[in-house]
Amino acid sequence: MKILIDNGHGIETPGKRSPEWPNESRRLFEWEFNRDIARRVHETLTQKDIDCELIVKEINDVSLQERCNRVNTISNQVGKTNCMLVSIHANAGGGTGWEVFYTRDVMTSQKIASVFSEEVTSRHDTDFPFRNRGLKYDPLFILKHTNCPAILTENLFMDTWDDFLFLCSEKGRAIIADIHVQAILKYLKTVLIPEE
Ligand SMILES: [Zn+2]
């Protein structure tokens, strides 16, 4: 099983950043956050001998179509049932919490999304005290136009203060990366050892 990691948006993507908070010099740029989490997830999975690949190694914006092409090229090589895509994002729009999207190959993608969601819920009272907004079916471009199971995580809201602080902190980033790693490991277990 090959794990493909997408870290949407590039350095020149307009918008996709936190507000400039009064009296705060920190500002979060989504391209940087996504890449940092993707790098951590890729590094940890690789250390665990799991076949894992970053779809976007550049810091520049790579179009959604090109990112889909890259995923589909790999998916066609290894077989679409032998790979899965996780696209990592931070949310905006004034809410709070975590959510996950799925579209294509509904059964499998929904199952992967469920494993992620369960991981988030299980950590609510320990290290991830944020609302789990749950699974959402949405034909987002990267989910719709890739041919392997795919999910997209929206990790907290850049424009909500408590979420923002967590997204900026080293501890918060380590936890968000670990949620992805643990969920992927749990999902892989269900694939390798199918339920009776
Ligand atoms: Zn995004």
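Residues numbered from 1 in each chain as written. Predicted model: local features only at pLDDT ≥ 70, side-chain atom pairs only at ≥ 80, totals over all residues. Heavy atoms only, no water.

Time to look at the coordination of the zinc ion. Those protein atoms acting as donors to the zinc ion are His 9 (NE2), Glu 30 (OE), Glu 30 (OE) and His 89 (ND1), and they sit at 2.1 to 2.8 Å. Around the zinc ion sit four donor atoms; with metal-centred angles ranging over 50 to 140 degrees, the donor geometry is irregular. All donors of the zinc ion come from a single chain, and their spacing in sequence reads H-x20-E-x58-H. Residue His 9 is located in the loop between strand 1 (2-6) and helix 1 (30-47), and its partner His 89 is located in strand 3 (residues 83-91); the two are separated by 80 residues in the primary sequence. (Donors = N, O, S within 2.8 Å, 3.2 Å for Na, K, Ca; no water. Tetrahedral: all angles 85-135°; square planar, octahedral: opposite > 155°, others 65-115°. Helix = DSSP H or I, 4+ residues; strand = E, 2+ residues; numbered from the N terminus.)

This brings us to the UniProt feature "domain: MurNAc-LAA" (unreviewed entry) in the protein chain. Mapped onto the present numbering, the UniProt feature "domain: MurNAc-LAA" (unreviewed entry) falls at residues 71-185. Between the end C-alpha atoms of residues 71-185 the distance is 20 Å, and the span holds 46% helix and 24% strand. (UniProt positions renumbered as here; feature names shortened; annotations may be inferred.)

Read from one edge to the other, the open sheet built from six strands follows the order 2-1-3-6-4-5, with strand pairing classed as mixed. Since the sheet does not close on itself, it has two edges, and those belong to strand 2 (52-54) and strand 5 (132-137), each with one partner. Across the sheet, the mean angle separating the axes of adjacent strands is 20 degrees when strand polarity is ignored. The sheet contact formed by strand 4 (residues 98-102) and strand 5 spans five bridges and is parallel. Across the sheet, residue Trp 98 finds its bridge partner in strand 5, namely Asn 132. On top of the sheet, helix 6 (residues 170-192) reaches strand 1, strand 3 and strand 6 (150-157); it is set at about 155 degrees to strand 3, its chief contact. (Pairing = 2+ DSSP bridges. Axes fitted to C-alpha atoms, helices over the stretch in contact; angles between N-to-C directions. Contact = heavy atoms within 4.5 Å.)

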